[in-house]
Amino acid sequence: MTDYHTEKLHIVHTEASLGWGGQEIRILTEAQGMVERGHRVTLLCPPEARIHAAALERGLPVEALPIGRKQPGGVLALRRWLVSNPADVINTHSSTDTWLAALACLFLKNPPPLVRTRHVSSSIPNNLPTRWLYGTATRQIVTTGEALRRQLIDENGFDADRITSVPTGIATDHFVPGDQAAARARLGLPQGAPLIGIVATLRSWKGHRYLLEAFARLPANTGLVIVGDGPQRQNIEAKIHELGIGDRVTLAGNQAEVLPWLQALNVFALPSYANEGVPQALVQAMLCGLSCVTTATGSIGEAARDGETALIAKAEDVQDLRRGLERLLGDPVLRAQLGERARAHCLRQFSYDAMLDRMEGVFARTAVANRSD
């Protein structure tokens, strides 16, 4: 029997996205883990992508290639690089780089197999080119949640044996409950006031607008902390001004270390309504022992079980979200119970080592199968 965890591989990640969020963080943390396990890892991305600078900061091997758009130049650049740098497996992450990598491999004598990671729950079109991409050009598909895996099987008819769910792993020894008063003192947040928080890229589907509207109807002594930045910042600032809640909202921007921000909170909220796997920030909050109000979007339900590990509100429903927040703010016993159960559940299901074990197995099996063809 092959021991898939002993062979050392050259794993190449491609990422066309220029933005920043959980997807990019997953790529980097997974890559770091594979390097620590003795694998060679290279990231290919556009030079202007935020992940390029972040990889350099972490000391990860990264190459700048023109793969930010679906153009012939990107295909040629990928082909040239792969000819000079043979890979055991290519892990693609966005639509653009998946297409470019698949086409580049058509022009290689011995192409490496493609593993496509699907990080979001948006639908895939059922057309002939897409069926070729996922059914022929791609050897394995990884989803970041079981609901996303079922979506590809049920909606697109993809082979279930070729799709594996591997939720993003979190450093369970880092994200732990902490001293709330000390965290607030460190961050300059008010002592004693109930604080709700969200950690998320400022994108429309994260539901910040609904959270602001629900928060505006809560008691005036309640505060809201928004950690993150992104394309919706101006709209969020405008909404805060429109609702007249500027004195109660802290816009913290991006934070390299979110742990103290989580430890400072009473309640965590994530009212996403689209494009979710199992969100890293939600799992981080749960590992910190926070009670959470969220939705059932994507694979969120794998972490948030209504009444057991979190409260589930209807997506895009301000009143239901407000009711969930009020319930938790008014019931410290329930907050503590949900937080304890959430932490225990995430310790079992979403550890960093478990993610690395499963991805290492996917890469090794795919590489071995490709050589035997």
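A. Structural context of the packing of helix α3 (residues 72-84) against helix α4 (residues 95-106). Two elements in contact, α3 and α4, have axes separated by 8 Å at closest approach and are oriented at 60°. It follows that α3 is oblique to α4 by the angle criterion. Two packed elements cross with a definite hand, and for α3 against α4 that hand is right-handed. Of the residues in α4, those touching α3 at G74, V75, L78 and R79 are L100, A101, L103 and A104. Its residues assigned to classes, the contact of α3 with α4 comprises six nonpolar, one polar and one charged.

B. Broad picture of the sheet that holds strand β8 (residues 195-199). Strand order in the open sheet formed by six strands is β10-β9-β8-β11-β12-β13, and the pairing between neighbours is parallel. In this open sheet, the two strands that pair with only one neighbour each are β10 (249-253) and β13 (311-312).

C. Structural detail: the pairing of strand β9 (residues 223-227). With five of five residues buried, β9 is to be regarded as a mostly interior element. Going residue by residue along β9, you find G223, V225 and V227 tucked away on one face and L224 and I226 tucked away on the opposite face as well. Sheet topology places β8 next to β9; five bridges connect them, and they run parallel. From the neighbouring strand, G197 faces β9, where its bridge partner is V225. Read as a crossover between parallel neighbours, the route from β8 over helix α8 (residues 208-215) to β9 is right-handed. Pairing of β9 with β10 involves four bridges; the strand directions are parallel. Note that in β10 the partner of I226 across the bridge is L251. The parallel pair β9 and β10, bridged by helix α9 (residues 233-243), forms a crossover whose chirality is right-handed.

D. Here's a closer look at the pattern of salt bridges. Scanning all chains against the criterion turns up 16 salt bridges. Among the salt bridges present, the one from R26 reaches E30, with a minimum N-O distance of 3.1 Å. With R26 and E30 both in helix α1 (residues 22-36) and four residues apart, the pair spans about one turn of that helix. Judged by its relative accessible area of 1%, E30 is buried. Across the pair R322 and E326 runs a salt bridge, and its minimum N-O distance is 2.9 Å. Pair noted here: R322 and E326 are both in helix α12 (residues 318-329), with a separation of four residues, about one helical turn.

Analysis parameters
- Residues numbered from 1 in each chain as written.
- Predicted model: local features only at pLDDT ≥ 70, side-chain atom pairs only at ≥ 80, totals over all residues.
- Heavy atoms only, no water.
- Axes fitted to C-alpha atoms, helices over the stretch in contact; angles between N-to-C directions.
- Helix = DSSP H or I, 4+ residues; strand = E, 2+ residues; numbered from the N terminus.
- Parallel < 35°, antiparallel > 145°, perpendicular 65-115°, else oblique.
- Left-handed = near helix turned anticlockwise from the far one by under 90°.
- Contact = heavy atoms within 4.5 Å.
- Nonpolar A, V, L, I, M, F, W, Y, C, P; charged D, E, K, R; others polar.
- Pairing = 2+ DSSP bridges.
- Buried < 20%, exposed > 50% of the residue type's maximum accessible area, 1.4 Å probe, protein only.
- Right-handed = clockwise from strand over helix to strand, strands pointing away.
- Salt bridge = Lys/Arg side-chain N within 4 Å of Asp/Glu carboxyl O.

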